[in-house]
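# Working through the structure, step by step
If you want the building blocks of each chain, they are given just below.
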Amino acid sequence: MAPKGKVYRGSVKDFQGFDANQDAEALYNAMKGFGSDKEAILDLITSRSNKQRVEICQAYKSLYGKDLIADLKYELTGKFERLIVSLMRPPAYSDAKEIKDAISGVGTDEKCLIEILASRTNQEIRDLVAAYKDAYERDLEADIVGDTSGHFKKMLVVLLQGAREEDDVVSEDLVEQDAKDLLEAGELKWGTDEAQFIYILGRRSRQHLRLVFDEYLKIAGKPIERSIRGELSGDFEKLMLAVVKCIRSTAEYFAERLYKAMKGLGTRDNTLIRIMVSRSEIDMLDIREVFRTKYDKSLYNMIKEDTSGEYKKALLKLCGGDDDAAGEFFPEAAQVAYRMWELSAVKVELRGTVQPAGDFNDDGDAQVLRKAMKGLGTDEGAIIEVVTKRSNAQRQQILKAYKAHYGRDLMADLKSELSGSLAKLILGLMLTPAQYDAKQLRKAVEGAGTDESVLIEIMATRNNQEIRAINEAYQEAYHKSLEDDLSSDTSGHFKRILVSLALGNRDEGPENLTQAHEDAKKLADVSSNDSSDSLETRFLSILCTRSYPHLRRVFQEFIKMTNHDVEHAIKKRMSGDVRDAFVAIVRSVKNKPAFFADKLYKSMKGAGTDERTLTRIMISRSEIDLFNIRGEFIDLFDKSLHHMIEKDTSGDYRKALLALCGGED
């Protein structure tokens with residue numbers, strides 16, 4: 001059960017009216033004779049706490065002189081057997097068995113070692129070491145030392161001591177010093193001082209390290225996770241990232257592990273079983289709610305879709321409920337969301353990947369481009385080299401120089417020489433940012449049907465100055481106002497949102513705490529019966545007009561007030577384009593580079609590539625924050641944007657995209 005003073009967050013509790021002898025008899029009868037009653041076995045075992053299961057094992061031995069675990073192994077098979085048998089072992093012995101399996105035989109399951117040793121408390125580690133010694137008559141540290149190497153081995157040994165500081169009294173001076181030491185051991189050093197990372201991340205208390213990570217973000221301008229990815233490698237890197245994730249939120253770490261165990265083709269059943277068993281009496285409710293918040297679906301539903309038979313039934317019992325149906329929101333998810341807003345408030349320098357060329361010569365570049373397009377065939381490589389390595393302002397100078405030198409329209413020449421995706425990318429780069437956005441918006445509203453996703457992406461993410469420039473470019477290019485076209489092509493609350501954003505009149509001042517509290521209260525009010533003050537109207541009046549710093553404070557106040565995140569509330573209470581527009585605004589306020597990283601990932605994942613979205617974002621963000629987007633991309637998806645573009649595109653289009661991307665992370 002939960003420690004004194006702490007609310008119990010497990011999904012499996014002590015069974016009321018428990019009788020060990022009666023349960024032992026029920027299990028014996030379920031396995032007696034030909035075949036076994038698997039339903040009865042899973043119902044009984046998943047509805048008892050681990051302490052009660054241990055008592056059932058003892059009662060079974062006393063009543064029948066037999067080993068219950070051995071009988072279960074004999075009667076059951078496959079994944080279902082592994083799950084049920086794991087539930088019968090005390091937690092420390094279950095961890096010991098997992099680690100023994102991970103280091104036995106050919107090869108080592110490093111992911112299992114990382115998961116267990118990065119996530120357990122000091123007491124759990126000590127219990128694990130003792131259980132391993134008792135079960136296998138071997139020293140766990142010696143076995144791990146014999147099976148691993150390098151800095152990975154050193155960090156595992158540090159964690160195995162179960163000696164992390166537990167004092168919650170934090171010294172501000174030491175926090176600053178540790179953050180500085182980590183920065184100097186990695187980013188500011190030629191090479192990396194791995195020992196410093198091991199010492200600080202392996203020994204300091206969780207509360208202290210959370211503050212160190214916040215301080216590190218302030219002084220380094222990037223989260224510690226990104227520095228770890230850049231400075232460390234292999235299993236050592238994975239271990240240190242797991243430690244950081246568990247320090248930030250153990251529930252979030254396990255939610256991510258569960259999601260990865262089930263997403264895509266095939267299921268990593270060993271991981272799924274291990275986590276569902278080990279967390280069922282610790283923090284499964286928190287894991288469930290963080291899972292629901294992060295992945296827009298419940299853990300229950302993902303298990304239901306990804307598993308089958310008695311194995312599925314047993315896992316669903318351990319899960320303990322469907323959050324999609326319940327609609328509840330628990331404190332751990334709110335805490336994760338609140339932490340996210342706090343981190344987003346830290347000022348991080350935005351950087352593009354395309355910088356002005358230092359030795360720029362507009363006439364020389366115009367000549368290179370003309371030569372690349374003159375005569376038979378086209379030198380696409382030369383065009384890519386010039387266009388992707390110049391800033392937009394420099395490209396505008398090249399357009400003028402080309403006209404002056406050759407009396408020709410460079411855009412028309414490029415259009416006649418290039419084709420397909422490469423043509424769209426190069427021609428898009430030659431437009432000013434405002435002209436390009438105006439063109440994308442025009443395409444989204446003209447003809448049959450409207451591309452609402454493009455309207456949302458552009459209108460929800462541009463600042464006042466950018467919106468005003470788009471309005472001017474739109475009027476000049478199409479002799480119509482953007483507001484008129486948006487009004488005639490959309491309707492209802494969605495139209496009102498877009499028109500409000502199109503005004504480019506968002507406040508630009510700092511946060512106002514008193515006003516933020518009132519705004520949060522307005523957003524949280526679900527009981528208003530005034531039709532003129534509908535939910536959508538209230539959200540519009542705040543999300544479309546308040547400044548970004550102020551909205552961040554509103555979102556923090558909303559979490560404090562309701563115990564859940566504003567994005568979750570929008571998804572629950574709204575639908576369609578209105579929901580999508582508000583979610584885009586919230587995500588843009590929270591972390592604009594992460595918003596675009598997510599859109600880029602979705603444009604390339606799965607079968608086929610959404611080249612329009614990929615091209616649009618790579619062009620529009622290349623001089624603003626594409627470097628930051630790259631960092632968020634690898635943080636979110638454990639793969640680099642460069643790698644995904646390389647894998648998902650081809651030919652000259654790929655070369656141009658990779659040039660804009662600006663490097664491999």
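Residues numbered from 1 in each chain as written. Predicted model: local features only at pLDDT ≥ 70, side-chain atom pairs only at ≥ 80, totals over all residues. Heavy atoms only, no water.

Under an unreviewed UniProt entry, the protein chain has the name Annexin and belongs to Corvus moneduloides. Regarding the protein chain, the relevant UniProt record gives this comment under Sequence similarities (unreviewed entry): "Belongs to the annexin family." (UniProt positions renumbered as here; feature names shortened; annotations may be inferred.)

Before going further, it helps to examine the overall build of the protein chain. The helix and strand inventory of the protein chain stands at 41 helices and 0 strands. Taking 665 residues into account, the globule formula puts the C-alpha radius of gyration at 26 Å, and the protein chain, at 29 Å, falls close to it. Considered along the principal axes of its C-alpha atoms, the protein chain spans approximately 100 × 65 × 55 Å. For the protein chain, buried positions account for 51% of its 665 residues. For the protein chain, long-range pairs separated by at least 24 residues make up 72% of all intrachain contacts whose partners lie at least 6 apart in sequence. Summed over all atoms, the accessible surface of the protein chain reaches about 29,800 Å², with 47% contributed by carbon and sulfur. (Helix = DSSP H or I, 4+ residues; strand = E, 2+ residues; numbered from the N terminus. Rg over C-alpha atoms; globule rule 2.2 N^0.38 Å. Buried < 20%, exposed > 50% of the residue type's maximum accessible area, 1.4 Å probe, protein only. Contact = heavy atoms within 4.5 Å. Areas by Shrake-Rupley, 256 points an atom, 1.4 Å probe, with all protein chains shown as cover.)

Within the sequence span of helix H40 (residues 641–648), burial applies to Leu641, His642, Met644 and Ile645. On an axial view of H40, the arc spanned by its buried residues comes to 165 degrees, and they lie on one face. Check the buried side of H40 and you find it contacts helix H37 (576–604), helix H38 (611–621), helix H39 (626–637) and helix H41 (651–661). (Arc of directions from axis to C-beta.)

Moving on, we get to the nonpolar core. With 97 residues, the main nonpolar core has Phe582 and Met618 as its most contacted residues. Residues contacting phenylalanine 582, with those up to four places away along its chain left out, are Ile497, Glu536, Phe539, Leu540, Leu543, Ile570 and Met574. (Core = buried A, V, L, I, M, F, W, Y, C linked by side-chain atoms within 4.5 Å.)

Secondary-structure assignment places serine 640 in the loop between H39 and H40. There is a polar contact of 2.9 Å between the side chain of serine 640 and the backbone nitrogen of histidine 643. Setting aside chain neighbours within four positions, we find serine 640 in contact with Phe633, Ile634, Glu664 and Asp665. (Polar contact = N/O pair within 3.5 Å; in protein donor to acceptor, adjacent residues only side chain to side chain.)

This part is about the pattern of salt bridges. Evaluated as defined, the whole model comprises 52 salt bridges. Taking the shortest distance from any N to any O, the salt bridge between aspartate 71 and lysine 66 comes out at 3.5 Å. Taking the shortest distance from any N to any O, the salt bridge between aspartate 638 and arginine 229 comes out at 2.9 Å. Taken as a pair, aspartate 638 in the loop between H39 and H40 and arginine 229 in helix H14 (residues 224–231) lie far apart in primary sequence, 409 residues in all. (Salt bridge = Lys/Arg side-chain N within 4 Å of Asp/Glu carboxyl O.)

Quick look at the environment of aspartate 485 now. Counting through the fold element by element, aspartate 485 comes out in helix H31 (residues 482–489). Put simply, aspartate 485 and glutamate 446 are 39 residues apart on the chain and 8.7 Å apart in space, counted from C-alpha to C-alpha. In this structure, aspartate 485 is in contact with Arg442, Val445, Tyr474 and Lys480, ignoring residues within four places of it in sequence.

Moving on, we come to helix H10 (residues 150–160). Since there are 3.6 residues in each turn of an α-helix, residues three or four apart along the chain are aligned in direction. Listed as buried for H10 are Phe152, Met155, Leu156, Val157, Leu159 and Leu160. Those residues of H10 that are buried are in contact with helix H7 (110–119), helix H8 (122–136), helix H9 (140–147), helix H12 (194–203) and helix H15 (234–248). Count one or two residues on from H10 and you reach glycine 162, which has phi positive near 60 degrees.

In contact at an axis separation of 8 Å, helix H6 (residues 91–103) and H8 are set at 70 degrees when each is read in the N-to-C sense. Classified by the angle their axes make, H6 and H8 are roughly perpendicular. Along this stretch, H6 crosses H8, giving a crossing that reads as right-handed. The residues of H8 that touch H6, namely those facing Ala92, Tyr93, Asp95, Ala96, Lys97, Ile99, Lys100 and Ile103, are Asp127, Leu128, Ala131, Tyr132, Asp134, Ala135 and Tyr136. Partitioning the contact of H6 with H8 into residue classes produces 10 nonpolar, no polar and 5 charged. (Axes fitted to C-alpha atoms, helices over the stretch in contact; angles between N-to-C directions. Parallel < 35°, antiparallel > 145°, perpendicular 65-115°, else oblique. Left-handed = near helix turned anticlockwise from the far one by under 90°. Nonpolar A, V, L, I, M, F, W, Y, C, P; charged D, E, K, R; others polar.)

Positive phi is not limited to glycine here, since glutamate 137 has a value of about 55 degrees. Inspection of the secondary structure assignment puts glutamate 137 in the loop between H8 and H9. On the basis of relative accessible area, glutamate 137 is assigned to the exposed category, the value being 70%. Positive phi values are uncommon outside glycine, yet aspartate 638 reaches one of about 55 degrees. A residue is classified by how much of its surface remains accessible, and aspartate 638, at 38% relative accessible area, is partly exposed.

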